[in-house]
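# Chain and residue survey
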Amino acid sequence: MNILQKIFTDHYEEIKYTLHPRDTEMENIEKMIHCGDPSFGGAMYHCPHCGNFKYVPFHCHSRFCPSCGNKYSMERTTSMTFKLINVKHRHCVFTIDENLRDFFLKERSLLDCLFHSVASVISRMFFELNKSKNFTPGFIMVLHTFGRDLKWNPHIHCLISEGGLSDDGLWRNVHHFNYSFLRSAFRTALLNEMHQRLGDPFKQIKSLCYSSHKKGFYVYAKPSSCDPETAIKYIGRYLGRPVIATSRIDKYDGSMVTFHYNRHEDDKYIQETIPVMDFIKRLIRHIPEKHFKMIRYGGLYARHRKTDQQLHKVISNRNVPFYATLTIGGMLFFLLLVMIRWNVPSAGIKWSFWNFILTISVFPSKNYMRDLCPDLAESVLLHNFLCFYGIIPS
């Protein structure tokens, strides 16, 4: 049990009956607390050479969990790499006024406005280059709701290709981004969309934002563009990583929590000690609603046209199946196809690179919140499995 699990386990009842969290918050908290708990099932591995058995508990697959969140981040980074066009990309961050943050906290559906505003501004900037050609870039948007101090601060990280494809298949490189336009256009697009959602009561806040941000909302970009491999690793840190790493929690005494971070403005080391319930409230507010998409694709990365297939990718389409099979997910997908082809009953599957042993659990792999099931089917050698169903000769 890591320190974050201990904190939430110690105060589980208090969280449930005093904070009154949302359903999705309670679901992720329960998943994280029981992550790696052997009583919730696992996979048994067997080595035929030494005769040893190894039992590996199942994990929760929640992005709120420190270990599972990091794994999710790596998998999404790999998935994004397959989509990237082999051109330089620009990393931009779209921020909002502090007066607007509470609106997104109280009404989570407004977070869609951030994505819509960023997508419309980027598309419009490239459209202005040549209206008849209609150049379209490729961009990936990632919603980030927390800062280093864990406070509520929604903003969008965006990875934009330095170039666009016209409707007739002509590529144009774009090395200059008009940040004055991005700032003012993003401010206008976001405020107008929020006004449309919230109605006339929002007018006063809207006029306040215009007066205090005459040049527009702040849009940050790295000083220089970078190759796609470097850019995807950089933005991959923001995909599904947990709100806080356990290494940043310095002390927990049952009532107070001490954690540290480097302040974004001057990179100064800050250590903060707050009551444990305040610490928990800072964390769980960043759990998104169920099925809410924190990562969204736009432009070339969101469409499927024949002209787009001619673009050179970072990893060519011919090599994608090879790289996909190097991941656990790719191997599991291959086995699922085999099972569907040969009408094998649905079951949960686990791989072992140690000895290529397949473990089939007797409960359906629907979700993690299942009843305790200590019974596991016996381990079967992959070679015998494939031979039995005629995939390879015996």
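Nothing here was measured: the structure is a model prediction, and the numbers come from that model.

### Side note on the pattern of salt bridges
In this structure the tally under the stated criterion is 14 salt bridges. For Asp112, the salt bridge is made with Arg296, and the minimal N-O distance between the two is 2.6 Å. Placement of Asp112 in helix 6 (residues 111-127) and of Arg296 in strand 12 (residues 295-299) is noted, with a sequence separation of 184 residues between them. Accessibility classification places Asp112 together with Arg296 in one group, the buried group. Through salt bridges with shared partners, a single ionic network connects Arg22, Glu25 and Glu289.

### With respect to unusual backbone geometry
With a phi close to 75°, Leu150 is a non-glycine residue in the positive phi region. Residue placement: Leu150 occurs in the loop between strand 4 (138-146) and strand 5 (152-161). Within the chain, His291 stands out as a residue other than glycine whose phi angle is a positive 70°. Considering the arrangement of structural elements, one finds His291 in the loop between helix 10 (276-284) and strand 12. Taking relative accessible area as the criterion, His291 reaches 69% and is therefore assigned exposed.

### Section: the packing of helix 2 (residues 12-19) against helix 10
Two quantities define a packed helix pair, namely the angle between the helix axes and the distance between the axes. For the pair helix 2 and helix 10, interaxial distance at closest approach is 12 Å and the crossing angle is 70°. Between helix 2 and helix 10, the angle is such that the two are roughly perpendicular. Here Glu14, Ile15, Thr18 and Leu19 of helix 2 lie close against helix 10, whose contacting residues are Met277, Ile280, Lys281 and Ile284. When the residues that make up the contact of helix 2 with helix 10 are grouped by side-chain class, the tally is five nonpolar, one polar and two charged.

### Some points on the sheet that holds strand 4
With antiparallel pairing, the five strands of this open sheet are ordered in space as 8-3-5-4-12. Each having just a single partner strand, strand 8 (219-221) and strand 12 make up the two edges of the open sheet. Direction aside, the axes of adjacent strands within the sheet are offset by 25° on average. Alignment of strand 3 (residues 89-94) against strand 5, held across six bridges, turns out to be antiparallel. Bridged to His89 within strand 5 is Ser161. Sheet contacts for helix 4 (residues 66-83): strand 4 and strand 12; angle to strand 12, the most-contacted strand, approximately 10°.

About the criteria used
- Residues numbered from 1 in each chain as written.
- Predicted model: local features only at pLDDT ≥ 70, side-chain atom pairs only at ≥ 80, totals over all residues.
- Heavy atoms only, no water.
- Salt bridge = Lys/Arg side-chain N within 4 Å of Asp/Glu carboxyl O.
- Helix = DSSP H or I, 4+ residues; strand = E, 2+ residues; numbered from the N terminus.
- Buried < 20%, exposed > 50% of the residue type's maximum accessible area, 1.4 Å probe, protein only.
- Axes fitted to C-alpha atoms, helices over the stretch in contact; angles between N-to-C directions.
- Parallel < 35°, antiparallel > 145°, perpendicular 65-115°, else oblique.
- Contact = heavy atoms within 4.5 Å.
- Nonpolar A, V, L, I, M, F, W, Y, C, P; charged D, E, K, R; others polar.
- Pairing = 2+ DSSP bridges.

These figures come from the coordinates and say nothing about function on their own.
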